[in-house]
There are 2 protein chains.
Amino acid sequence: VAGADEEITSFSREMPWQVLGQWRNSFIIAGSAEELIIIDQHVAHERVLYEEYLNQLAAGDVPRQKLLVPINVELTPAQMLLLEKIEGRFEDNGFEIEPFGPRSVVVKAVPAVASRCEADQLLFEILERIENAPDDYSVEEVHRRTAAGLSCRAAVKMNTPLTQAKMEHLVNMLLATEEPTTCPHGRPVVLKLGIRELEKSFKRI
Amino acid sequence: VAGADEEITSFSREMPWQVLGQWRNSFIIAGSAEELIIIDQHVAHERVLYEEYLNQLAAGDVPRQKLLVPINVELTPAQMLLLEKIEGRFEDNGFEIEPFGPRSVVVKAVPAVASRCEADQLLFEILERIENAPDDYSVEEVHRRTAAGLSCRAAVKMNTPLTQAKMEHLVNMLLATEEPTTCPHGRPVVLKLGIRELEKSFKRI
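This text gives an overview of the structure that appears in the document. Just so you know, these numbers come straight off a predicted model, no measurement behind them. Counting restarts for each chain: residues are numbered from 1 in the order of the written sequence. Think of it this way: whatever chain is written first is A, whatever ligand is written first is 1, and the rest follow in order. With pLDDT at 70 or above as the cut-off, local features in this predicted model cover only qualifying residues; side-chain atom pairs require 80 or more to be listed or tallied, and sums for whole chains, interfaces and linings still use all residues. With hydrogens and water excluded, all non-hydrogen atoms of the structure serve as input to the side-chain values.

**Looking at the interface of chain A and chain B**
Part 1 of the reasoning: Between chain A and chain B, the residue contacts involve 36 residues of the former and 36 residues of the latter.
Part 2 of the reasoning: Of the roughly 3100 Å² buried at the junction of chain A and chain B (both faces included), carbon and sulfur atoms supply 62%.
Part 3 of the reasoning: Note on definitions: salt bridges are taken to be side-chain nitrogens of Lys or Arg within 4 Å of carboxyl oxygens of Asp or Glu. Summed over the shared surface of chain A and chain B, the number is two salt bridges.
Part 4 of the reasoning: Notably, a salt bridge pairs Asp40(A) with Arg204(B), separated by 2.6 Å at the nearest N-O pair.
Part 5 of the reasoning: Within 3.5 Å is the distance limit for a polar contact, defined as a pair of N or O atoms, with the added protein rule that one can donate a hydrogen and the other accept it, and that residues adjacent in sequence qualify only through two side-chain atoms. Viewed at the interface, chain B and chain A are joined by six residue pairs in polar contact (both at pLDDT 80 or more).
Part 6 of the reasoning: Broken down by secondary-structure element, the contributors of at least two residues to the side of chain A that touches chain B are β1 (18-23), β2 (27-31), β3 (35-40), α1 (41-58), β7 (190-194) and α6 (195-201) of chain A.
Part 7 of the reasoning: Classification convention: Asp, Glu, Lys, Arg as charged; Ala, Val, Leu, Ile, Met, Phe, Trp, Tyr, Cys, Pro as nonpolar; all other residues, Gly among them, as polar. Partitioned by chemical class, the residues of the side of chain A that touches chain B number 20 nonpolar, seven polar and nine charged. Throughout, a residue-residue contact means that at least one pair of heavy atoms, one from each residue, lies within 4.5 Å. In short, buried area is how much 1.4 Å probe accessible area vanishes from two parts on joining, totalled over both. Here a strand is any run of E in DSSP of at least two residues, a helix any run of H or I of at least four, and the numbering for each starts at the N terminus.

Put into structure tokens, the structure is as follows:
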């Protein structure tokens with residue numbers, strides 16, 4: 001049936017959604033009165049963290065998580081250069097990074113939303129995304145790319161069992177985002193099946 | 001995505017299926033390692049009861065349920081005539097029906113699989129289906145139509161909440177039928193979404 005499982009650009013946020021369960025430890029199945037939706041848990045969480053972090057940056061108040069043990073991260077010359085270039089745009093973003101010799105830095109704190117990530121992998125991911133930016137590293141672009149790298153690393157992975165409470169929390173957080181239907185990289189977050197399409201498929205109407 | 005929600009003609013019965021939940025008190029959502037399926041609970045139960053009853057007929061052993069209070073059913077002249085015509089084909093099918101005057105019968109027992117149905121409605125449904133039979137009322141045709149009418153009446157309705165245990169039982173019974181994918185009237189029982197199609201829709205592959 002055409003349209004039955006198409007990517008959607010909007011769905012009803014106001015309706016009460018009921019989480020039915022998790023499939024393959026990767027997809028959350030939820031239903032409202034009119035729609036059955038399948039949520040990709042990783043990209044859904046990415047979208048939530050992405051907007052949360054960008055809102056914190058906009059408000060100039062990014063909670064940070066001090067590392068118990070500061071981590072020494074070796075960088076390539078290109079990465080060192082990039083970090084210097086964007087220094088002014090990489091402030092107050094929750095990271096606390098200090099130079100440590102010519103080829104390494106010490107990470108002393110990371111944004112709280114990414115507190116469970118490996119600090120070195122997090123930094124690599126973000127630098128790689130900024131490196132590939134098409135423009136002259138505007139503050140906005142650096143912020144968006146930092147948010148994208150950070151949310152990708154921090155979001156719950158596929159193949160992760162979630163409790164009913166966690167799934168409900170994630171769905172509610174997703175519904176509260178500005179753009180719940182696509183992830184920061186433009187991938188669909190939600191597939192839906194409307195009751196009319198379903199009834200047609202079942203030859204009920 | 002083409003094929004993502006197409007009617008299916010086969011699905012993997014051997015796999016362990018996990019019932020995720022019920023949507024709109026009408027559809028059961030279940031998943032295996034490879035497929036997510038949506039089951040129309042009414043037609044699924046119809047299929048189960050239909051085959052169960054036909055198997056009982058074929059074995060010549062149809063359990064019957066005596067009614068606590070026999071029910072007097074008024075029939076039209078056409079229905080009376082039909083009942084006489086098919087008398088020989090309507091024996092040993094679980095019903096115990098006796099004439100009661102020129103325009104009514106007394107129902108004393110019904111097939112056990114339909115024990116919760118209203119006996120008069122059940123009889124009307126079956127007679128209507130037999131009446132519309134295209135052929136000369138062969139035994140097989142009368143049996144199939146009796147089974148179809150009976151399973152339609154006896155099957156769990158839409159908008160009926162089911163416990164997890166009942167849903168699992170229904171899915172297991174459905175998987176054990178000869179033709180789990182279509183109901184006796186040819187309507188689809190199951191819609192499926194394969195993991196490959198889903199991953200494509202989510203742009204994961």
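**Some words on the pattern of salt bridges**
Part 1 of the reasoning: Counted according to the given criterion, the structure contains 20 salt bridges over all chains.
Part 2 of the reasoning: Of the charged contacts in the structure, one is a salt bridge between Arg153(B) and Glu125(B), with a shortest N-O distance of 2.9 Å. On the criterion of sequence distance, the pair formed by Arg153(B) in helix α4 (residues 139-154) and Glu125(B) in helix α3 (residues 119-131) is long-range, its members being 28 residues apart.
Part 3 of the reasoning: Under the relative-accessibility criterion, Glu125(B) is labelled buried at 16%.
Part 4 of the reasoning: Of the charged contacts in the structure, one is a salt bridge between Glu141(B) and Arg144(B), with a shortest N-O distance of 2.9 Å. Highlighted residues: Glu141(B) and Arg144(B), both in helix α4, separated by three residues, approximately one helical turn.
Part 5 of the reasoning: Buried, partly exposed and exposed residues are distinguished by accessible area as a fraction of the type maximum, computed with a 1.4 Å probe on protein chains only: under 20%, between the cut-offs, and over 50%, respectively. Among the residues examined, Glu141(B) registers a relative accessible area of 13% and is labelled buried.
Part 6 of the reasoning: Judged by its relative accessible area of 38%, Arg144(B) falls in the partly exposed class.
Part 7 of the reasoning: Salt bridges sharing common partners tie together Arg64(A), Lys66(A) and Glu96(A).

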